[in-house]
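So the chains spell out like this:
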Amino acid sequence: MKKGVSKQVKNLKFNEKNLNLLKGELEKFSQIFEMSPDMIGLTRLKDSVFVNVNKMFLKTLGFKKEEVIGKPSYKLNLYTDLNIRKKIFKLLKKGGKFEKIPLKLNTNKGKILDILFYGKIIKIGNEKYILSIAQDISKEKQVEKENIEIQTKLNQIITHSSNLFYIHNTKQVLSYVSPQSEQILGYKPKEAEGKWTKVVTSHPMNKQGYQFTIKALKTGKKQEPYYLELKRKDGKKIIGLINESPIKNKNGKVIGITGSLTDVTKEYLLQQKLNENQILLKNIFKSIISGILVIGTKEEVLFYNSQFKEMWNIPEKLLESKNDKILLKFVLSQLKNPIKFLKEVKRLYKTKEKSLDYLEFKDSRVLERMTMPFIVNGKLKGRIWVFRDLTQIRQFDKIINYEKVKFDKVFDNLPVLAYNVSLNGKILNCNKKVVEVLGYKNKQELIGKPLSIIYAPESLPKIKKLFIKWKKEGKLINEEMKIKTKKGITIDVLLNIETIRDKNNKLLFSIFTQQDVSEIVKVRNDLGMELEESETFKRLSVGRELKMIELKKKIKELKAKCHQPNEK
């Protein structure tokens, strides 16, 4: 009896222990059930009535517990497609479970969610239930959709871009080349894949580009864009602008390079030409004797040459400041009239005028100042100033003017009739003797008139022939002519012509001299002698010749002095 009671007590303690274990397991299950990040529902198999659901189920689908428990799933209008529900039940009947069925569920608020559905038949007591787990993958689906859209847009961009896109690994073996490779390099994408270096030439610029790529692979940092010279399939060479970025895996290790290639052959060659022109222009500016200064619209120094610096004795530090106001303040002290200079500068900065004037320095120098607006593509970018040192030229001008006065005085007082005659036979000037002998009031009555008005009618045919001869030979000596006064009186003269030429030996004008030999001709005619046999004529001719030699000598001296400044 005692043994039986004792055994019952032991069994009771054992069942109590099992019950406690069971309670513990149930509590664990309950916690897992409630705290699961997925939606969990328990429904009876026979009528699909919900027995239990967890918090995530209620939160995600927007229900209260009392709205779900005791109701079948189809009455909650959860399924957007009832055919999926039928498919689920077929799978359950066939295998007792289903996995990863994608479907869409309606929430209580009318929102549609993308769900990944898992289910299994379990038995509790004598009743069969469906334990279902639903994962909300709406966000993942949205991200996937966005990724597809981005990829579609990216593919469209790549397809319609003028750039070539590529990917290569750390050994520079291409794994992707965009369709533009055929247009830019002449290779189809599959042909271009492989060693990237097979289309690169031996141009020195490519060495630097290779180093940029190696540095990007080593450091994992994006490098600055660089140029490559590439060889097309047809052998033609192009210049490509390369833009690259390193590709990293999840651990941050560099596994390759993604990049783009833009064909910039025309732009590159144009830039090279522009650079050459800029260098040439700078050399020209260095070689010309004029000082050049370019000021921007904000009164900043854009350019100057060494001649400008030297003309104005400006220290390098002031020029480096690039400030025109500082330069103006420095140069004012060098000028005789600084106020006028500064006023004109400020006025011109407000206009688009061209201007030419002269600046006098305290040290007696004279600069010619020419300025014009600096316009690029129709827009005012500043003002250009050009300075030319005229100090020597001004000194030469004084000498020339002095010599010209002397020449004019000598010319005007020559004892023979003297004229300056243009190439087309018009009188440019004449001396006092002409006015006196021919009976005109003043020189103005003759200047600008054709030379033919002073010749007697019988000498006109001869003077035309002599004029042609003079143009060919450059001078005439002792030609007998007849001229006439204003009143028509005839005078016998000996004509001599001396030519004035420029430094290139080009005819400028002529100096005509006429020696009055009327008396000698009269004596000759009276005696019936030939002029060349007359001793009197010879004596007079010798005297005239001596005077003409002296006159020619003087003319050559004046000519040399007049042309000396221009040659310098």
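Residues numbered from 1 in each chain as written. Predicted model: local features only at pLDDT ≥ 70, side-chain atom pairs only at ≥ 80, totals over all residues. Heavy atoms only, no water.

1. Things to note about the sheet that holds strand β11 (residues 291-296)
Stated precisely, the cut-off is as follows: Two strands are said to pair when DSSP picks up at least two bridges between them. What counts as a helix is a DSSP run of H or I of at least four residues, what counts as a strand is a run of E of at least two, and both are numbered from the N terminus. Here the axes come from fitting lines to C-alpha atoms, over the contacting stretch only for helices, and the angles between their N-to-C directions go from 0 to 180 degrees. We call two residues contacting when some pair of their heavy atoms lies within 4.5 Å.
Ordered in space as β12-β11-β15-β14-β13, the 5 strands form an open sheet in which the pairing is antiparallel. Of all the strands in the sheet, the pair left with one neighbour each is β12 (301-304) and β13 (355-360). Neighbour-to-neighbour, the strand axes of this sheet turn through a mean angle of 20°, independent of strand direction. Sheet analysis places β13 next to strand β14 (residues 366-376), joined by 6 bridges and oriented antiparallel. Note on β14: the bridge partner recorded for E360 is V366. Most of the contacts of helix α13 (residues 338-349) go to strand β15 (residues 379-389), to which it runs at about 150°, and overall it touches β11, β13, β14 and β15.

2. Focus: α13
This is how the line gets drawn: Expected helix span is computed as 1.5 Å times (number of residues minus one). Working definition: with a 1.4 Å probe on protein chains only, accessible area under 20% of the residue-type maximum means buried, over 50% means exposed, and in between means partly exposed. Picture the helix axis, draw a direction to every C-beta atom, and the arc is the one those directions span.
Given a rise of 1.5 Å per residue, 12 residues ought to cover 16 Å, and the 17 Å separating the end C-alpha atoms of α13 matches this to within 8%. When α13 is considered as a whole, its buried residues turn out to be F341, E344, V345 and L348. The arc that holds the buried residues of α13, viewed along the axis, is 100°, so those residues lie on one side. Among the exposed residues of α13, those oriented more than 90 degrees off its buried face are I339, K343 and K346. Buried residues belonging to α13 abut α10 (306-312), α12 (324-331), β13, β14 and β15.

3. A look at the environment of N496
Rules: Two N or O atoms count as a polar contact when they lie within 3.5 Å, although within protein this holds only if one can serve as hydrogen donor and the other as acceptor, and sequence-adjacent residues are included solely when both atoms are side-chain atoms.
Among the structural elements, N496 can be located in strand β19 (residues 490-501). Among the residues examined, N496 registers a relative accessible area of 4% and is labelled buried. For the pair formed by N496 and N478, sequence separation is 18 residues and the distance between their alpha carbons is 5.6 Å. A polar contact is formed between the side chain of N496 and the backbone nitrogen of N478, at a distance of 3.1 Å.

4. Quick word on the side chain of D114
Its place among the elements puts D114 in strand β4 (residues 112-124). With relative accessibility at 17%, the residue D114 sits in the buried group. Not counting residues within four places of it along the chain, the set of residues in contact with D114 comprises L103, K104, Q135, D136, I137, S138 and K141.

5. Some remarks on the packing of aromatic side chains
Aromatic ring pairs are described here by two measures, namely the spacing of the ring centres and the angle between the planes. The condition is simple: Classification of ring pairs rests on two measures: the distance between centres of Phe, Tyr or Trp rings, Trp counted by its six-membered ring, which must be within 6.5 Å, and the angle between planes, read as stacked under 30 degrees, edge-to-face over 60 and tilted in between.
Under the criterion given, the structure shown has 10 aromatic pairs. Arranged with centres 5.9 Å apart and planes meeting at 40°, the rings of W312 and F341 form a pair that is tilted. One end of the pair, W312, is in helix α10; the other, F341, is in helix α13, with 29 residues separating them in the sequence. Note on W312: relative accessible area 1%, which makes it buried. Classification of F341 by relative accessible area gives buried; the value is 6%. When the centroid spacing of 5.4 Å and the interplanar angle of 80° are considered together, the rings of W312 and F387 count as edge-to-face.

Limitation: the analysis is restricted to geometry and does not speak to function.
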